[in-house]
Amino acid sequence: MPPPPQFPFHNLQELRHSASLATKVFIQRDYSEGTVCRFQTKFPSELDSRIERTLLEDTVKTLNTYYAEAEKMGGQSYMEGCLACATAYIIFLCMETHYEKVLKKISGYIQEQNEKIYAPRGLLLTDPIERGMRVMEVSVFEDRGSSGSSLSSSATSGGSAQR
Amino acid sequence: MHLGLDEPVRECQYNQICTRNSSPMETLSHKKKRTPRRKWQIFPGRNRFYCNGRVMMARQTGVFYLTLVLIMVTSGLFFAFDCPFLASNLTPAIPVIGGVLFLFVLGMLLRASFSDPGVLPRATPDEAADLERQMDAANGSSGPGYRPPPRIREVVINGQTVKLKYCFTCKIFRPPRASHCSLCDNCVERFDHHCPWVGNCVGKRNYRFFYLFILSLSFLTIFIFAFVITHVILRSNRSGFLNALKDSPASVLEVVVCFFSVWSIVGLSGFHTYLISSNQTTNEDIKGSWSTKRAKNNYNPYSYGNVLTNCCAALCGPLHPSLIDRRGFIQPDTPQPLSHSNGSGLYPSTQNHTHMAAATPLLHSDPVMMGRAGPPPSGKTSLGGPCSSLAPSQPSLPSSMPGLGCAGDMLTLRDPDAHCHHHHFVSPEEMPSPLGPSSLVLPFAAHGGHLNPAQLYDPASQDSLHEDSVRGLVKLSSV
């Protein structure tokens, strides 16, 4: 397998401004365990040439464990639920829910992964919460210098990403 | 975002902005220059937002105000006329308990009504296009054996096969237990039903508030009923029955209201207690999704097995955050979801226009046409005929459901012709989502499989709105 192309991007801002969006790859939800939030760990074939399989799979697996932690039903969540009910849910004016705390951790993790792993490969992970937890969007960027790959789906994404 | 009760009361100016208003573009663009706009202002569903996006309700709120009035008037009369007597003759704990109950009821009602029930945001144009491509690829390839049509995905959950349906309005495959509410025009996660009394859908995020509301309202109703009767009896002992009624005329009204409410509210509470303990939604129960009448080995894959865990999960489980970020500011470079489902031309902002023109998937253009243009032209797909004949029929609710407080009223509240937007295409599952018994649940798959893509490329019969979409589609398909 040819090595993934190296992009001289050291931060995400550079990536966004200097590269052009070629396509977006979507990692769908995995509903085999019910309605809990899980993403498929199946590696999308479009990214074969861009990133090593294990890296992306690790990221998705870590995110899945984060979501599982957020939605875990155990002593802590029951305590929080009962306390909130007893205070007629007014307590959430001052306090964040456990889920929201985990979501913050997740967004920090995704930011870190983007900076360390994905931006150097010309990819960008979008936090699933920005897509309504439906998909994990991986934006694939092409260096502006190279001949633009066909903007096939970019008939739709053109308006959003082209600058 | 925290949906506190105090926050909106303190600082809201009731800007009632109906997102479906055809606000002229000049006002919108004028506003855009001045203030950054928030996402609720371009929300595609049929919801109303108040207090700058903090409060979210359904479009029809008349019955909600009736609920509020009934509760407040009855309780007010109780506190004003019965409590003084009871406090002095029995115990002052009565008004205190009554007060606590009343505040709890009100709090839960407002929380259930004002919060996001778990609306799934619509797909961005990129996602929709990606899904369309996958479905086309699946449609085109032929293989031996049974394969579900591309608009249905099957997933095995806990040993039970569950079908995930594609929502034409939201352009997504609905997660399990989600359903599309035709009144609010949104897909809602763990959709229970649309409650007109609460003025909102009841879904994943506000089900516990709804349940606590009806439970506490049952207690309050029984409480008021019991103590008003006690009051009248005590007075009658002193001065005779007729004099007692003359001294406290409000008691008669309270007794009447409470008497009629008790049957429906207590019945509804009982029904929902049953649903919670078996981890089902009203939608699933009405459709009989997990009943053994459908299949011998049918069981509910979401149930945890025992009643206590099911109850804890429903009431004390983690509170999921809202997915629609109503109060976030619109970023100029983020993709906005497709916001029209019925071709009535909602163009909330200029950047959406290009998305919609280019990206309306081919599968949508025909059904929308059907809805608007009356009888579908012959030579169109088989989707049109049988579905349109089914659409107006009113389902009958199964008699097994007691206390039809909420569900019963949904039938009367459906005014199909009042809104022009109602003519958007609904699949048989989509339309009477809380109402449809199994007879209406068509094998939609059968129709989906008959779609002939060639028939949809008929630009001449599209109206101008869809000409753009078709051009965009042709572009898409030619790549």
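Here the structure is a predicted model, which is why all the values come from computation and not from measurement.

Participant: What should I look at first to understand the sheet that holds strand E4 (residues 119-120) of chain B in this one?
Facilitator: Strand pairing in a sheet takes place through backbone hydrogen bonds and is either antiparallel or parallel in direction. All names here are of chain B. Taken together, three strands build an open sheet; the order of strands is E4-E9-E8 and the sheet is antiparallel. The sheet is open, and its two borders are formed by E4 and strand E8 (179-181), each paired with just one other strand. One ladder, built from three bridges, connects E8 with strand E9 (residues 186-188); its direction is antiparallel. Looking across to E9, one finds that histidine 180 is bridged to cysteine 187.

Participant: Explain the nonpolar core to me, please; I cannot follow it from the model alone.
Facilitator: Among soluble globular proteins, nonpolar side chains are generally buried collectively. Formed by 47 residues in total, the largest nonpolar core has its most connected members in Phe78(B), Phe210(B) and Phe213(B). The set of elements that each furnish at least two residues to this core consists of strand E3 (55-58), helix H3 (62-89), helix H4 (93-114), helix H6 (207-239) and helix H8 (250-277) of chain B. Sorting elements by how many residues they give to this core places H6(B) first, with twelve residues. When near neighbours in sequence (up to four residues on either side) are disregarded, Phe78(B) contacts Cys83(B), Leu86(B), Ile94(B), Phe223(B), Ile224(B), Phe227(B), Val228(B) and Glu254(B). Core analysis: the second largest hydrophobic core is formed by 36 residues, Phe39(A), Leu56(A), Tyr99(A) and Cys170(B) among them.

Participant: Looking at this structure, how should I read the confidence of the model for chain A?
Facilitator: Detailed conclusions should not be drawn from predicted coordinates in areas where pLDDT is low. The share of residues in chain A with pLDDT of 70 or more is 77%, and the mean pLDDT across the chain is 80. For residues 146-163 of chain A, every residue scores under 50 in pLDDT, and the model assigns this stretch 34 contacts once sequence neighbours within four places are set aside.

Participant: Could you clarify how one ought to interpret the sheet that holds strand E2 (residues 123-126) of chain A in this entry?
Facilitator: Residues and elements named next belong to chain A. Within the open sheet, the three strands sit side by side as E1-E3-E2. Their pairing is antiparallel. If you trace the sheet from one side to the other, it starts and ends with strand E1 (19-28) and E2, each paired once. Pairs of neighbouring strands in the sheet enclose a mean axial angle of 25°, with direction left out of account. Here four bridges tie E2 to strand E3 (residues 135-143), and the two strands are oriented antiparallel to one another. The partner of leucine 123 across the bridge, within E3, is valine 140.

Participant: Would you mind going over a nonpolar patch on the surface with me for this structure?
Facilitator: Side chains of Val252(B), Val256(B), Phe259(B), Phe260(B) and Trp263(B) sit close together on the surface and give an oily, nonpolar patch of about 540 Å² of accessible area. Take Val256(B): it is sitting in helix H8.

Participant: It is not clear to me how helix H4 (residues 98-118) of chain A should be interpreted in this structure. Could you clarify?
Facilitator: One turn of the α-helix equals 3.6 residues, which is why residues spaced by three or four share an orientation. Taking 1.5 Å of rise per residue, the 21 residues of H4(A) would be expected to cover 30 Å, and the 28 Å separating its terminal C-alpha atoms lies within 8% of that figure. Burial in H4(A) covers these residues: His98(A), Tyr99(A), Glu100(A), Val102(A), Leu103(A), Ile106(A), Tyr109(A), Ile110(A), Gln113(A), Asn114(A), Ile117(A) and Tyr118(A).

Participant: I tried to follow the packing of helix H2 (residues 53-70) of chain A against H4(A) on my own but got confused; where do I start?
Facilitator: When two helices pack together, their arrangement is given by the angle between their axes and by how far apart the axes lie. Residues and elements named next belong to chain A. Put simply, H2 and H4 touch, their axes get as near as 9 Å, and they point 170° apart. When the axis of H2 is compared with that of H4, the two are roughly antiparallel. Residues Leu55, Leu56, Asp58, Thr59, Thr62, Leu63, Tyr66, Tyr67, Glu69 and Ala70 of H2 form the contact with H4, whose participating residues are His98, Tyr99, Val102, Leu103, Lys105, Ile106, Tyr109, Ile110, Gln113, Ile117 and Tyr118. Grouping the constituent residues of the contact of H2 with H4 by class yields 14 nonpolar, four polar and three charged.

Participant: Help me understand the packing of H4(B) against H6(B), please; the structure alone is not making it clear to me.
Facilitator: All names here are of chain B. Interaxial distance between H4 and H6 falls to 8 Å at its minimum, and their mutual angle equals 150°. As judged from the angle between their axes, H4 and H6 are roughly antiparallel. Handedness of the crossing formed by H4 with H6: left-handed. The residues of H6 that touch H4, namely those facing Ile94, Ile97, Gly98, Leu101, Phe102, Phe104, Val105, Met108, Leu109, Arg111 and Ala112, are Phe209, Phe210, Leu212, Phe213, Ser216, Leu217, Phe219, Leu220, Phe223 and Phe227. Tallied by class, the residues present in the contact of H4 with H6 amount to 18 nonpolar, two polar and one charged.

Participant: What's the story with the packing of aromatic side chains in this structure? I'm lost.
Facilitator: The relation between two aromatic rings is expressed through the spacing of the ring centres and the mutual angle of the planes. Residue and element names in this part refer to chain B. Applying the stated criterion to the full structure yields 18 aromatic pairs over all chains. Look at phenylalanine 259 and tryptophan 263: their rings are 6.1 Å apart centre to centre, the planes differ by 90°, and that puts the pair in the edge-to-face class. In this pair, phenylalanine 259 and tryptophan 263 both sit in helix H8, four residues apart, roughly one turn of the helix. Phenylalanine 259 gets classed as partly exposed once you look at its relative accessible area, which sits at 38%. On the accessibility criterion, tryptophan 263 (59% relative accessible area) is exposed. A network of ring pairs unites the aromatic residues Phe78, Phe79, Phe102, Phe223 and Phe227 as a single cluster. Here the basic side chain of arginine 153 rests over the ring of phenylalanine 173, its NZ or CZ set 4.1 Å away from the ring centre.

Participant: What is the right way to look at the environment of His194(B) in this model?
Facilitator: As for its placement among the helices and strands, His194(B) is situated in strand E10 (residues 193-195). Considered as a pair, His194(B) and Ser182(B) are twelve residues apart in the sequence and their alpha carbons are 9.2 Å apart.

Participant: Would you take a moment to explain unusual backbone geometry for this structure?
Facilitator: For residues other than glycine, phi is negative in most cases, and the peptide bonds are mostly trans. Residue and element names in this part refer to chain B. Positive phi, normally seen in glycine, also occurs at asparagine 52, with a value near 55°. With respect to the secondary-structure elements, asparagine 52 resides in the loop between strand E2 (47-50) and E3. Judged by relative accessible area, which is 26%, asparagine 52 ranks as partly exposed.

Conventions we followed
Residues numbered from 1 in each chain as written. Chains lettered and ligands numbered in written order. Predicted model: local features only at pLDDT ≥ 70, side-chain atom pairs only at ≥ 80, totals over all residues. Heavy atoms only, no water. Pairing = 2+ DSSP bridges. Helix = DSSP H or I, 4+ residues; strand = E, 2+ residues; numbered from the N terminus. Core = buried A, V, L, I, M, F, W, Y, C linked by side-chain atoms within 4.5 Å. Buried < 20%, exposed > 50% of the residue type's maximum accessible area, 1.4 Å probe, protein only. Contact = heavy atoms within 4.5 Å. pLDDT = per-residue confidence, 0-100. Axes fitted to C-alpha atoms, helices over the stretch in contact; angles between N-to-C directions. Patch = residues over 30% accessible without salt bridge, like charges linked within 9 Å, V, L, I, M, F, W, Y side chains within 5 Å. Areas by Shrake-Rupley, 256 points an atom, 1.4 Å probe, with all protein chains shown as cover. Salt bridge = Lys/Arg side-chain N within 4 Å of Asp/Glu carboxyl O. Expected span 1.5 Å × (residues − 1). Parallel < 35°, antiparallel > 145°, perpendicular 65-115°, else oblique. Nonpolar A, V, L, I, M, F, W, Y, C, P; charged D, E, K, R; others polar. Left-handed = near helix turned anticlockwise from the far one by under 90°. Phe/Tyr/Trp six-rings, centres within 6.5 Å; stacked < 30°, edge-to-face > 60°. Lys NZ or Arg CZ within 6 Å of the ring centre and 35° of its normal.

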